[in-house]
Amino acid sequence: MSVSQQVFLRDAMRRLNLTRDIFATRIGVKRRALDTWLLPEGSQEFRSMPEVVTRFVTEIVENDSLLQKYAQSAQSGPLRDRIAYQGKHQLLSVDQFSRESVEELFRVADLMQPIARRQKVSRVLEGAVLGNLFFEASTRTRVSFGAAFCRLGGSVCDTTGFTFSSMAKGESIYDTSRVMSGYVDAMVIRHPEKGSVAEFAEATNIPVVNGGDGPGEHPSQALLDLYTILTEFSRLGKLLDGAHIALVGDLKYGRTVHSLIKLLALYRGLTFTLVSPRGLEMPDYILEQTGRLGHTIEQTNSLAEGLKGADVIYATRVQKERFVGEEVEGYTADFQVNKAMVDQCCGPDVIVMHPLPRDSREGAHDLSVDLNHDSRLAIFRQTDNGIPVRMAIFAVLLGVEGLVQHSLRDVTWSPPSHLGPDDSVFHGLD
Amino acid sequence: MSVSQQVFLRDAMRRLNLTRDIFATRIGVKRRALDTWLLPEGSQEFRSMPEVVTRFVTEIVENDSLLQKYAQSAQSGPLRDRIAYQGKHQLLSVDQFSRESVEELFRVADLMQPIARRQKVSRVLEGAVLGNLFFEASTRTRVSFGAAFCRLGGSVCDTTGFTFSSMAKGESIYDTSRVMSGYVDAMVIRHPEKGSVAEFAEATNIPVVNGGDGPGEHPSQALLDLYTILTEFSRLGKLLDGAHIALVGDLKYGRTVHSLIKLLALYRGLTFTLVSPRGLEMPDYILEQTGRLGHTIEQTNSLAEGLKGADVIYATRVQKERFVGEEVEGYTADFQVNKAMVDQCCGPDVIVMHPLPRDSREGAHDLSVDLNHDSRLAIFRQTDNGIPVRMAIFAVLLGVEGLVQHSLRDVTWSPPSHLGPDDSVFHGLD
Amino acid sequence: MSVSQQVFLRDAMRRLNLTRDIFATRIGVKRRALDTWLLPEGSQEFRSMPEVVTRFVTEIVENDSLLQKYAQSAQSGPLRDRIAYQGKHQLLSVDQFSRESVEELFRVADLMQPIARRQKVSRVLEGAVLGNLFFEASTRTRVSFGAAFCRLGGSVCDTTGFTFSSMAKGESIYDTSRVMSGYVDAMVIRHPEKGSVAEFAEATNIPVVNGGDGPGEHPSQALLDLYTILTEFSRLGKLLDGAHIALVGDLKYGRTVHSLIKLLALYRGLTFTLVSPRGLEMPDYILEQTGRLGHTIEQTNSLAEGLKGADVIYATRVQKERFVGEEVEGYTADFQVNKAMVDQCCGPDVIVMHPLPRDSREGAHDLSVDLNHDSRLAIFRQTDNGIPVRMAIFAVLLGVEGLVQHSLRDVTWSPPSHLGPDDSVFHGLD
């Protein structure tokens, strides 16, 4: 097998859309055995899967994909062509994805995990240069994109700050974009104005990634959020179809939740509970769009009610800086997602997410730090996933995803076994 | 042949200073055949040149260079020694170049084209570190130098912004320069004060490149401008000797045109028409210097008159921010180079250039966007040329130009066939 | 021998703590012969050491280290474990070092010298990413760390400026640190608040280096200062034990001297003369601590008195910006270390150091520029040493120091023989 057993099996379960339990039943093995095969190679309880199982799973998947192929004959060719934006290899919006293509992107992200976890190094993009153009400060996003490109072997040229010197002199986005295209091989652009990144994209044929265009979109964030949910559910033996997602906080201005709900809506039969202070409700057009796709939507101003029975709590920050002079009516301590609330409303396998940054100042009512040592808090597993997902985006847009597997070599240095002192250990099931 | 057929032939024509037509006649082949030999390898209409032609051209060039060698016995040793600044491998001014040495630099730039066009990757400077010190913001220039260094395999440490923290504490340029020399292998310096870059250069023995010292010089810009003119002329089958160049805009403060005219003056029998608003005329000392070298200079305030019959229109921005409170008398819409004006005054093979940024705001009278789809607009071919020219500068100053050819390997990713949606396709003749 | 003869011998002398003269006597050879063996390979007067001497020295060193091993049985395992900070591979304070471990770090720095001097290139950390987080501007320190990481083959993501966008939105250091840990493999952090870097370090398991936390520590500066003193003394044939060190300037707020004196105090029988304006004296707790370790301390307000007979003059800048409104009583021209003063008070083998930047403005009374051409001025040898020392810190914390030697290959480019026009040439004895 050219890919690891773990990647092979995860991929199979994802393609077949089966939980671990059902998958184990489908191939006639004990769930316990399956779990040991899914451990990282080299971990103590890892077991090799018998050859016959490999063949069996391969056949099931192939038959299934044959059926899917007939069903969706439109799907073919490289992924970057199928998710293209106006015929170009650019990522502007989550609208570019179908369930099929988003899962295909995530299979590439899975391939990146050994690199993101510092077990392997790749230089597949050696010689390529990224223009990381941040017209609005966003250190974490900038570094996440930059580090992802570096981990593929490329180099990064950064620009930060609110002004681009030449644009201050009256240069058009058209000129700026075309000029930069002669210097770099791909651009990530963050800009405070909605639509501006699309304007950049229009003026060039090189890959452009929207790193956030003000109230517009921030597709890589929504993608890493969905990837996190799927990965966590895979660990927990859950399916996303039919799951219950609670979205909490500013649902009106929070572009993150707008994009995320669109991606989640690609799945089947979800229940969304939307918990927001009065005046910060999810816009109607998104509610309608999501409802039309057959999902259940419940709106509430009561956090306890909204969280009840949720599989995922997705909390967001109320950006008080948006409301200078205005009152955010009803945004009180009752809106804080904290340990007591999670214990009271949810089971032991709920996951708690947040796009970060969270406001940890006194009286901010943002996601509480009292969950920091709780394994249900997935916020750092979520940010960690930014690297493999952004690596996958670059690899796909530049057309090198097929070269990654063979480019891997061992890291020379010795990284810590866990990145954070409070990182949860899931008995190898991550 | 160790170099590509295209590079070989271009080099030959440039050394012999012959147009395509005359070169074809000289070696006794049809112009059409020569054109197919000059196409990039792998393009559909590319043809291999017969071995006998290779030998013939080699002999012609060698005889010619033998003659030149006798004529200019002073010229010998590595290029970086011949263009040295006060005995050091530093690039401070266009005054360091002769016609011979500038053309030798451009042959190195030609070698860089497969890298700049993302067909090849080189790691020849792997391990080297560039200090890209911008004491004045200039994103495009900074990224252009940085990307050029990365494409040679090196790493870049950037500093941006108007203050260098230690200099604010009273540190001298001498100290800053010498300290940085212990950290990096070459420095690009942009600084708002004339002469400051020379002060940096004096305090170190490592290569320093002047990235613009206020009203002083910006030699890499003038070099890429000249390289663009020569490359475009080569495509058009024109010679620079005897050509007609129109310079338009702020010719008083625009250091770009001052440096460019000095470089152009290394050629023979040029005609310059200088078109500027009253008060922004080219300084007298440059006029005298250029005149003494046998070139024809005409000054006018009428754009239509100045452009008539030009081979090159070089437009520049009137930096209105320089004239706070002052009037720029006569700087009206009549000074705008636009499609109608170009159609009216020039032929189909004129090229329109601009150092960029151009001011595309309403009422700016800068180079019009209505030429964006016109193949005569060379401004983006011009900025694209910033990469190979800056790569050549680094390679020559660091003494690795001889290692580039053998360091090339194929790119792994798939770049777009054209960088910009409006890029002109010259039937393979670029 | 896998290491160069020069490194081997220097290492032996340092381990045995012997001057060149005594070492030559110990192994029964002429001092002159020893000097030629200590020259860089390839230099004209370099001689190969007879094999029998190699064996003899190896045996002496091994016997000595055997004795030391019995004496200090606690010391074992990789260096990074022995200098660990709260069990982690992080560098927060000079307090983490013993004389043994600091000298072991410097042997790694010696290994880095061929890279720092641009004779060799290493890619041992290829694929690793450094987060160079400067919450306070300090261009030279940032570039020094960045270039050091690049020279090991890694990539660098910088953040500069006084605000980290997400922290402005109320994000805790805990969150910021843990998030960055998912992106990068090591962090250098500079922050204006004392203790903040420790807070960063607590929230992550990846290597963190304190790049200066306000009035707190800046351990890499103290380490490169000590490394410089030892290297200069090795050249001069001096031992640090028993040496006379004069510290001049702001000894109250200057964290540099606080850390340096702690490291120096690891040696035996030093004499410190502390010269400061009234009110800027060294804090009492440091005086007591240093005195308890058996060192002699003399305080004076007279520069001439303090410098008399010193082996090292370590001058520091009085940061006048700290004293807005306040008077710095007695900080007059009499405090300026200049050529006349050094000639008057010290011998030809004193070395003059400064952490830089020095204030070269008129009336600043900082270290005079009239010593720039004087070989006793070691300030640029000192900053140059920032590269090998910081490379050693990264290599040790990431656990790759054992891989460096075999990763070396020749540089491709041709660096200048001396970095600065005023660099002293010590007849190969550097």
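Computed from a predicted model, the values in this text were never measured in an experiment.

A. Focus on the relation of the copies chain A and chain B. The operation relating chain A to chain B is a screw motion whose rotation component is 120°, with 0.1 Å of axial translation and a residual RMSD of 0.1 Å. The two molecules are tied by a three-fold rotation axis, judged by turn and shift. When C-alpha distances to the rotation axis are compared across chain A, the minimum falls at A:Ser155, with a value of 4.6 Å. Mapped onto chain B, only 5% of the interface residues of chain A are again interface residues, and the two copies thus contact each other with different surfaces.

B. How the structure looks around the interface of chain C and chain B. Across the boundary between the two partners, chain C contributes 39 residues, which contact 40 residues of chain B. For B:Asp185, the salt bridge is made with C:Arg118, and the minimal N-O distance between the two is 3.3 Å. Counting across the interface, chain C meets chain B through 20 residue pairs in polar contact (both at pLDDT 80 or more). When contributions to the side of chain C that touches chain B are tallied by element, the ones reaching two or more residues are α7 (139-151) and α16 (379-384) of chain C. Here the element with the most residues in the side of chain C that touches chain B is α7(C); it accounts for nine residues.

C. Examining the confidence of the model for chain A more closely. Here chain A averages 90 in pLDDT, and 92% of its residues register 70 or above. Reported confidences for the modelled complex are a pTM of 0.88 and an ipTM of 0.87.

D. Focus on helix α6 (residues 99-116) of chain B. All names here are of chain B. An ideal rise of 1.5 Å per residue puts 26 Å on 18 residues; α6 measures up with 24 Å between its terminal C-alpha atoms. A bend of about 25° at Asp110 is the largest found in α6, and the proline Pro114 appears one to four places after it. Two residues or fewer after α6 comes Arg118, characterised by a positive phi angle close to 60°.

E. Here's a closer look at the domain arrangement of chain A. Residue and element names in this part refer to chain A. Here chain A is partitioned into domain 1 (5-70), domain 2 (79-216 + 387-410) and domain 3 (220-320 + 329-380). Measuring from the centre of the C-alpha atoms in domain 1 to the corresponding centre in domain 3 gives 30 Å. The interface of domain 1 with domain 3 comprises five residues on the first partner and nine residues on the second. Summed over both partners, the interface of domain 1 with domain 3 buries about 660 Å², with 46% contributed by carbon and sulfur atoms. The largest contributions to the domain 1 side of the interface with domain 3 come from Arg14, Asn17 and Thr19, which together make up 63% of the buried area.

F. Region of the structure containing the packing of helix α11 (residues 219-236) of chain C against helix α12 (residues 255-264) of chain C. Residues and elements named next belong to chain C. In the contact formed by α11 and α12, the axes pass within 9 Å of each other and the chain directions differ by 50°. If you check the angle between α11 and α12, you find them oblique. Considering the relative orientation of α11 and α12, their crossing is right-handed. Every residue of α12 that contacts α11 at Gln221, Ala222, Leu223, Asp225, Leu226 and Ile229 is listed here: Thr256, Ser259, Leu260, Leu263 and Leu264. The residue inventory of the contact of α11 with α12, partitioned by class, reads seven nonpolar, three polar and one charged.

G. Here's a closer look at the state of the cysteines. Taken as a whole and judged by the stated rule, the model has zero disulfides over all chains. Looking at the unpaired A:Cys345, the closest cysteine sulfur is the one in A:Cys346, lying at 5.6 Å.

H. Here's a closer look at the environment of A:Phe426. Residue and element names in this part refer to chain A. Looking at the secondary structure, you find Phe426 in the segment after β11 (409-410). By relative accessible area, Phe426 is classed as buried at 15%. Remark: the alpha-carbon pair of Phe426 and Leu236, spanning 190 residues in sequence, is separated by 10.0 Å.

I. Broad picture of the relation of the copies chain C and chain B. Of the transformation superimposing chain C on chain B, the axial component is 0.1 Å and the angular component is 120°, with the fit at an RMSD of 0.1 Å. Mapped onto chain B, only 5% of the interface residues of chain C again fall at the interface, so the copies present different surfaces.

J. Geometry of the interface of chain A and chain B. Each side of the interface is counted separately: chain A has 40 residues, and chain B has 39 residues. When the buried surface of chain A facing chain B is broken down by residue, A:Lys169, A:Arg178 and A:Tyr183 rank first, second and third, together holding 22% of it. The tally of links between chain A and chain B comes to eight salt bridges. Taken together, the links from chain A to chain B amount to 20 residue pairs in polar contact (both at pLDDT 80 or more). At the level of elements, β3 (155-159), α8 (165-168) and α9 (173-181) of chain A are the ones that each hand at least two residues to the side of chain A that touches chain B. With six residues, the single largest contributor to the side of chain A that touches chain B is α9(A). A per-class count over the side of chain A that touches chain B returns 17 nonpolar, twelve polar and eleven charged.

Parameters and conventions
- Residues numbered from 1 in each chain as written.
- Chains lettered and ligands numbered in written order.
- Predicted model: local features only at pLDDT ≥ 70, side-chain atom pairs only at ≥ 80, totals over all residues.
- Heavy atoms only, no water.
- Least-squares fit on C-alpha atoms with pLDDT ≥ 70 in both.
- Contact = heavy atoms within 4.5 Å.
- Salt bridge = Lys/Arg side-chain N within 4 Å of Asp/Glu carboxyl O.
- Polar contact = N/O pair within 3.5 Å; in protein donor to acceptor, adjacent residues only side chain to side chain.
- Helix = DSSP H or I, 4+ residues; strand = E, 2+ residues; numbered from the N terminus.
- pLDDT = per-residue confidence, 0-100.
- Expected span 1.5 Å × (residues − 1).
- Bend = angle between axes of the 7 residues up to and from the residue.
- Domains from an automatic or database assignment.
- Buried area = accessible area lost by both parts, 1.4 Å probe.
- Axes fitted to C-alpha atoms, helices over the stretch in contact; angles between N-to-C directions.
- Parallel < 35°, antiparallel > 145°, perpendicular 65-115°, else oblique.
- Left-handed = near helix turned anticlockwise from the far one by under 90°.
- Nonpolar A, V, L, I, M, F, W, Y, C, P; charged D, E, K, R; others polar.
- Disulfide = S-S within 2.5 Å.
- Buried < 20%, exposed > 50% of the residue type's maximum accessible area, 1.4 Å probe, protein only.

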